[in-house]
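Read off the chains here:
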Amino acid sequence: MTPILATSNIHKAREFKKIFRDAGIALKHVSLKTIEIQSERLEDIAVFSSLQAFEAVGRPVFVEDAGLFIESLDGFPGPYSSYVYRTIGLEGVLRLVGDDREARFVSVISYYDGRTSPHIFRGEVHGRIAERPRGRYGFGFDPIFIPEGSDKTFAEMSRGIKTGKSHRGLAARRFIAWLRGQG
Ligand code: ITT
């Protein structure tokens, strides 16, 4: 069975497609914007979105809610990452960050088949906020996030290299392992 991803974010869809292709699985993308509930927990947002996506698609489907959590800002922008990116943007975030630049990216996948309760898969990558934006690949906060163990921002990495290390790659590979276990 071909898994179905619902997202309005084409960059996200391309990254998921790459991860699934690398695992030998074709992925179908449905372009869909769900209404996101307000919560501090990505899990709650993802679960609610997956229920809506199932209503719209009528077949088992998964969604992802992701965010950048800056430790010195108590996890801001976290669940509000998309809004903060669209409003104050990279430069705005860089102005808020002080000497402590520790941050993490989190991805939460919620898969709902309409029968059992939604299944959740989480991926998290630690790193730091760069001094200035660097790189031209990826999307969103990629130009200012440097994952642990690297000198490069996510935006300086090809899609394959990024997904090998990213929050999304980790969550998706957990999901893929679970799907394989389902036969
Ligand atoms: P959907 O809800 O339709 O999937 P979205 O873009 O609104 O699309 P999110 O609610 O998960 O998705 O928003 C997360 C935001 O966090 C996203 O818009 C980016 O600004 C940022 N973000 C998440 N993952 C990222 C990544 O891998 N690289 C850079 N920025 C990322």
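Residues numbered from 1 in each chain as written. Predicted model: local features only at pLDDT ≥ 70, side-chain atom pairs only at ≥ 80, totals over all residues. Heavy atoms only, no water.

Time to look at a negative patch on the surface. A grouping of Asp99, Asp100, Glu102 and Glu148 is seen on the molecular surface, where their side chains present a negatively charged patch. Secondary-structure assignment places glutamate 148 in the loop between β6 (145-147) and α5 (159-165). A relative accessible area of 64% places glutamate 148 in the exposed class. (Patch = residues over 30% accessible without salt bridge, like charges linked within 9 Å, V, L, I, M, F, W, Y side chains within 5 Å. Areas by Shrake-Rupley, 256 points an atom, 1.4 Å probe, with all protein chains shown as cover. Salt bridge = Lys/Arg side-chain N within 4 Å of Asp/Glu carboxyl O. Lys, Arg positive; Asp, Glu negative; His and termini not counted. Charge placed at Lys NZ, Arg CZ, Asp CG, Glu CD. Helix = DSSP H or I, 4+ residues; strand = E, 2+ residues; numbered from the N terminus. Buried < 20%, exposed > 50% of the residue type's maximum accessible area, 1.4 Å probe, protein only.)

Okay, helix α2 (residues 42-57) next. The terminal C-alpha atoms of α2 lie 22 Å apart, and with 16 residues this matches the ideal 22 Å at 1.5 Å per residue to within 8%. Of all the positions in α2, only Leu42, Glu43, Ile45, Ala46, Ser49, Ser50, Ala53 and Phe54 are classed as buried. Buried residues of α2 fall within an arc of 165° about the axis and therefore sit on the same side. Buried residues in α2 make contact with β1 (4-7), β3 (61-70), β4 (102-112) and β5 (119-129). (Expected span 1.5 Å × (residues − 1). Arc of directions from axis to C-beta. Contact = heavy atoms within 4.5 Å.)

Bringing a positive patch on the surface into the picture now. A cluster of like positive charges, contributed by Arg14, Lys17, Arg21, Lys28, Arg59 and Arg159, occupies part of the molecular surface. Of the residues forming the positive patch, the biggest block, 3 residues, is contributed by helix α1 (residues 10-22). Note on placement: lysine 17 falls in helix α1. Taking relative accessible area as the criterion, lysine 17 reaches 33% and is therefore assigned partly exposed.

All right, on to the site of the ligand then. For the ligand, the set of nearby residues contains 20 residues, the closest of which are Thr7, Ser8, Lys12, Asp142 and Lys162. Here serine 8 contributes a side-chain N or O atom positioned 2.6 Å from an oxygen atom of the ligand. Within the contact set of the ligand, an oxygen atom lies 3.2 Å away from a side-chain nitrogen or oxygen of histidine 167. When residues of the shell around the ligand are traced back to their parent elements, those giving at least two are β3, α3 (81-87) and α6 (167-181). Residues belonging to the shell around the ligand are distributed by class as follows: 5 nonpolar, 7 polar and 8 charged. (Near = heavy atom within 4 Å. Polar contact = N/O pair within 3.5 Å; in protein donor to acceptor, adjacent residues only side chain to side chain. Nonpolar A, V, L, I, M, F, W, Y, C, P; charged D, E, K, R; others polar.)

Before going further, it helps to examine the packing of aromatic side chains. Counted according to the given criterion, the structure contains 14 aromatic pairs. When the centroid spacing of 6.0 Å and the interplanar angle of 20° are considered together, the rings of phenylalanine 105 and phenylalanine 154 count as stacked. With phenylalanine 105 in strand β4 and phenylalanine 154 in the loop between β6 and α5, this pair connects stretches of sequence that are 49 residues apart. Considered together, phenylalanine 105 and phenylalanine 154 belong to a single accessibility category, that of buried residues. Ring pairing ties together the aromatic residues Phe16, Phe20, Phe62, Tyr111, Phe121, Phe175 and Trp178, which thus form one cluster. (Phe/Tyr/Trp six-rings, centres within 6.5 Å; stacked < 30°, edge-to-face > 60°.)

Take glycine 160: it is sitting in helix α5. Sequence spacing of glycine 160 and tryptophan 178 is 18 residues, and the spatial spacing of their C-alpha atoms is 22 Å.

With that settled, the discussion passes to the side chain of aspartate 65. Relative to the assigned elements, aspartate 65 resides in strand β3. One buried charged residue, aspartate 65, remains without a salt bridge, the closest side chain of opposite sign being lysine 12 at 5.3 Å. Residues contacting aspartate 65, with those up to four places away along its chain left out, are Lys12, Glu36, Leu42, Ile45, Ala46, Val106, Ser107 and Val108.

Between α1 and α6, the shortest axis-to-axis distance is 10 Å and the interhelical angle comes to 50°. As far as their axial angle goes, α6 and α1 are oblique. Crossing of α1 against α6: the hand is right-handed. Across the interface between the two elements, Lys12, Glu15, Phe16, Ile19 and Phe20 from α1 touch Arg168, Gly169, Ala172, Arg173, Phe175, Ile176 and Leu179 from α6. (Axes fitted to C-alpha atoms, helices over the stretch in contact; angles between N-to-C directions. Parallel < 35°, antiparallel > 145°, perpendicular 65-115°, else oblique. Left-handed = near helix turned anticlockwise from the far one by under 90°.)

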